[in-house]
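Architecture and fold: a report
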Amino acid sequence: MVHLLSEAALQRLRPAQERAFRSPIPTQMISNGEFTPLPQSPQQRRVEARIKELAALYGKKLGMSRRGFLTTASGMAAAFMAMNDVFGPVFSVSKAEAAEPDVAKARAEALASQFIFDIQTHFVHDGFKQEDLLGLAKYAADNWNRELKQKQLTLAYYKFENYVRQIFLNSDTKIALLSGAPFDDPSWWLIPNDQIVDTVEAVNRMAGARRMLGHFVFTPGQPGWMEAVDKALDNPRHQAWKGYTIGDPLTNTTRYPWRLDDEKLMYPFYEKVVKSGIRQIALHKGLMPADYETSWAKVWQYNTHWDIAKAAKDWPQINFVFYHGCLQPFQETPDRALAEFEKTGEIKWSSHLARIPEEHGVSNVYAELGTTFANSATANPRFAAALLGTFIKGMGVDHVIWGTDSVWYGSPQWQIEALRRLEIPEDMQKKHGFKPLGEADGFVKSTIFGHNSARLFGMNVRAEADTLSRDRMTQLKRDYAAVEGVRNNATYGFVAAG
């Protein structure tokens, strides 16, 4: 968490909600306080400048301020036009959408009912007392921006009320899976397992429909971990499991790394999983800094693909969903990884994951897109296309899972729009044998957005969508849109000082 950052690192950061440009899509790396974000790249600066130009141009014609224009569907379209101007024609967008609000609004309304199941979402519980999570903002108030108000320095941005607002009211997400994360120090857990299920049940009760599911985070090797599993199974209220083979994902001296294929430690747990019928296990894999071989010298291997194949083959009854798709690059722009892919056709650790089904004859291994898509879709969308192409070619589109890691990045709507509009460039399709992604609501994207997760959890998409279209959350969203009016484009966390 924030306590890992040095004073020098703190001096290079600013609160994102105050300092990041309020664009429909982020124009620089956002950190939730767990890592040091990189400075805005030259390409991102060009995108931001172009967005401002287009917003001023089209906003003036519509009699709107630049900031006001960017909160509209036309503003979202203009942002993707700017991305194309800088990165090439990667996103599907027309000038008419930016120039004519009715065109943009019609497109947005036509896609609003799309079934989107976000399998990775987060917030911190109300009793979360680790004020270090706000250390960066407080440091900024003391040293950089004394005009920051105390209400801007609270944990509210990361808590339940804002979570509901951003996930369900400011985006087209229909169902969300609430997830937690383990730390060697239990006081740093973002939300305990019992509060995950309490939240899920409360939201579903309020909505009158199944809007949320929840994880039980298990911690192999930590004292009492199997007893906690047994207790959860005595009265199972969760719908899936989650684990971190690295142990503590933010502490390079973590005491509890483990392997999926450890027969003595893990196989008794898998036996319980199979018997319980709750057979979806999400595993955090990947997301390591460029110097991982030295900075995480003794434990980095636990975050790789090295233990997946044997466990998947030995336990075909279990679905293993790998969060972040095992992608190695973290805390860096995708440029280096893209250059490597363009040269070799390989994406470190992700390509290995994608080959496991064919090489080992398994069909229970899945790649999830949380954070990996968020970072690459704005920093270098060509790499996002390469990543999706790699997963779909190797694993099949039916094994690629949608997740956004929100609410850390504000509303997930910009990520939804990015995938809706993204296309794999023709030269990449020809060179690597990738198939097109197709239309926003076509087979490929609809399968990734929600159909795959629905299948894993035994849902009938048509029946679920019909129920959700008439529940209280849908009515709340209509009321919210009428009262609040527009998306605010806010992001939550910290950015590098400009």
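Residues numbered from 1 in each chain as written. Predicted model: local features only at pLDDT ≥ 70, side-chain atom pairs only at ≥ 80, totals over all residues. Heavy atoms only, no water.

1. Focus: the overall build of the chain
The following threshold applies: Each helix corresponds to a stretch of at least 4 residues labelled H or I by DSSP, and each strand to a stretch of at least 2 residues labelled E; elements are numbered beginning at the N terminus. Here the term buried applies to any residue with accessible area under 20% of the maximum for its type, exposed to any over 50%, and partly exposed to those in between, with areas from a 1.4 Å probe on protein chains only. Should any heavy atoms of two residues lie within 4.5 Å, those residues are counted as being in contact. Shrake-Rupley sampling with a 1.4 Å probe provides the accessible areas, and residues are treated as covered by the protein chains on show and by no other component.
Of the regular secondary structure elements, the chain holds 23 helices and ten strands. A total of 498 residues make up the chain; the buried ones form 61% of that total. Taking as baseline every contact in the chain between residues at least 6 positions apart, the subset at least 24 positions apart corresponds to 78%. Surface accessibility of the chain: about 19800 Å² in total, with carbon and sulfur atoms responsible for 50%.

2. Thoughts on the confidence of the model for the chain
Spelled out, the test is: Per residue, pLDDT captures the predictor's confidence, and it can take any value from 0 to 100.
Averaged over all residues, the pLDDT of the chain equals 88, while 85% of them reach at least 70. Predicted confidence is poor over residues 1–6, with pLDDT under 50, and the contacts of this stretch with residues over four places away or in other chains come to 20 contacts. Confidence drops under pLDDT 50 across residues 133–151; counting only partners more than four residues distant or on other chains, this segment forms 48 contacts.

3. A few points about the pattern of salt bridges
Selection criterion: Salt bridge, as applied in this entry: a Lys or Arg side-chain nitrogen positioned within 4 Å of an Asp or Glu carboxyl oxygen.
If you walk through the whole model with that rule in mind, you get 27 salt bridges. Among the salt bridges present, the one from Arg 50 reaches Asp 85, with a minimum N-O distance of 2.8 Å. A residue pair is termed long-range when its members are at least 10 positions apart, and Arg 50 in helix α3 (residues 42–61) and Asp 85 in helix α5 (residues 73–87) qualify at 35 residues. Counted as one network, the salt bridges with shared partners bring together Glu 97, Arg 107, Asp 172, Glu 417, Arg 420, Arg 421 and Lys 477.

4. Some words on the environment of Ala 56
Tracing the backbone shows Ala 56 in helix α3. For Ala 56, a relative accessible area of 39% puts it in the partly exposed group.

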